[in-house]
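Results of the structural survey
This is what each chain is made of:
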Amino acid sequence: MIFGFFRKLALSLHCFYAVMLIQTKALVLRTVTFADRKIIVDMFTHTHGRMSFIVVVPNSPRAKMKKQFFQPLTLLELSLDYRQHLSLQRIKEVRIAMPYTSLTSHPHKLSISLFVAEFLCHALKSEQQNELLFHYIIDSMLWLDNCPSGFANFHIVFMMRLSRFLGFYPNLDDYHAGSVFDLQAACFVGTLPAHRYFLSATDSAAMRVMMRMDFPTMHLFRMSHEERNRLVEAIITFYRLHLPDFPELRSLEVLKELYG
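What this report covers is the structure whose coordinates are included nearby. (Residues numbered from 1 in each chain as written. Predicted model: local features only at pLDDT ≥ 70, side-chain atom pairs only at ≥ 80, totals over all residues. Heavy atoms only, no water.)

**Let's talk about the pairing of strand β3 (residues 49–56)**
Here β3 lies mainly inside the structure; seven of its eight residues are buried. In the sheet, strand β2 (residues 38–45) pairs with β3 via eight bridges, with the strands oriented antiparallel. Among the inter-strand pairings, Ile39 is bridged to a residue of β3, identified as Val55. In sequence, β2 turns back onto β3 through a hairpin of three residues. (Buried < 20%, exposed > 50% of the residue type's maximum accessible area, 1.4 Å probe, protein only. Helix = DSSP H or I, 4+ residues; strand = E, 2+ residues; numbered from the N terminus. Pairing = 2+ DSSP bridges.)

**Observations concerning the sheet that holds β3**
Reading across from one edge, β3-β2-β1-β4-β5 is the order of the five strands in this open sheet, with antiparallel pairing throughout. Sheet topology places β3 and β5 (91–96) at the edges, where each strand pairs with a single neighbour. Mean inter-strand twist for the sheet, computed between neighbouring axes without regard to direction, equals 40 degrees. Judged from the eight bridges that link them, strand β1 (residues 20–35) and β2 form a sheet pairing that is antiparallel. Each residue of the ladder has a partner; that of Thr31, found in β2, is Val41. (Axes fitted to C-alpha atoms, helices over the stretch in contact; angles between N-to-C directions.)

**Section: the environment of Gln23**
With respect to the helices, strands and loops of the structure, Gln23 is situated in strand β1. Here Gln23 falls in the exposed class, since its relative accessible area comes to 64%. The spatial distance from the C-alpha of Gln23 to the C-alpha of Tyr82 is 9.6 Å, given a sequence separation of 59 residues. Each residue touching Gln23, except ones within four places of it in the same chain, is listed here: Thr47, Leu78 and Ser79. (Contact = heavy atoms within 4.5 Å.)

**Some remarks on the pattern of salt bridges**
Per the counting criterion, the structure on display carries seven salt bridges. A salt bridge links Asp42 to Arg50; the shortest N-O distance between them is 3.7 Å. Each of the two residues, Asp42 as well as Arg50, counts as buried. One network of salt bridges, in which partners are shared, links Lys25, Glu77 and Arg95. (Salt bridge = Lys/Arg side-chain N within 4 Å of Asp/Glu carboxyl O.)

This is the structure in structure tokens:
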């Protein structure tokens with residue numbers, strides 16, 4: 001009996017500490033300094049969804065693990081020894097999968113990307129593996145990186161289309177002229193809701209137009225800076241109503257100044 005007990009214990013420990021070699025693409029969401037030469041990096045991975053890593057960044061310029069790899073929205077190729085029960089994984093090898101050409105240097109694109117990174121960090125807080133969602137995010141960022149102009153509405157279209165993958169994309173069928181968008185019910189209604197979470201008829205019409213557009217056509221719809229900022233705030237409120245513990249976004253004020 002004692003032998004059987006220890007055998008089961010050994011098997012349990014083996015399962016607990018079992019290591020699986022994984023190679024995956026990953027998008028950096030956030031980097032936090034943990035200690036001297038150590039950082040904690042939150043990423044959204046292709047194979048396992050949201051994951052956190054502890055990374056030692058040597059001071060040597062020849063080191064393979066470089067701090068600049070872990071800037072927000074960088075797309076990486078990772079190799080790691082995955083341990084299922086660890087909250088912080090460790091990276092064996094890393095390289096940039098696809099370097100951006102303008103996203104980190106163009107001032108307007110940089111402001112949008114930093115906002116999107118903070119937004120995603122909270123929107124994907126507990127997101128599991130989702131291949132369609134992963135490709136949507138990557139394709140969107142590459143589109144922004146390659147777009148020469150006409151991307152002022154990018155973050156609005158990106159956030160609204162992202163809600164489709166998270167399960168609360170608005171119902172567009174009930175719209176008619178003069179209706180208002182109920183942020184709580186995620187639909188258009190003909191009478192004012194009993195709560196305060198709804199848009200004016202003008203902003204509701206703008207919301208519907210933006211939801212029907214994609215990145216190549218969104219420049220056709222022109223908004224004033226005030227209208228754009230108001231719509232962004234409405235979308236964030238929409239997410240806050242449908243995702244628990246969705247906080248205020250610090251980068252929103254920077255974005256408002258950009259389009260203010």
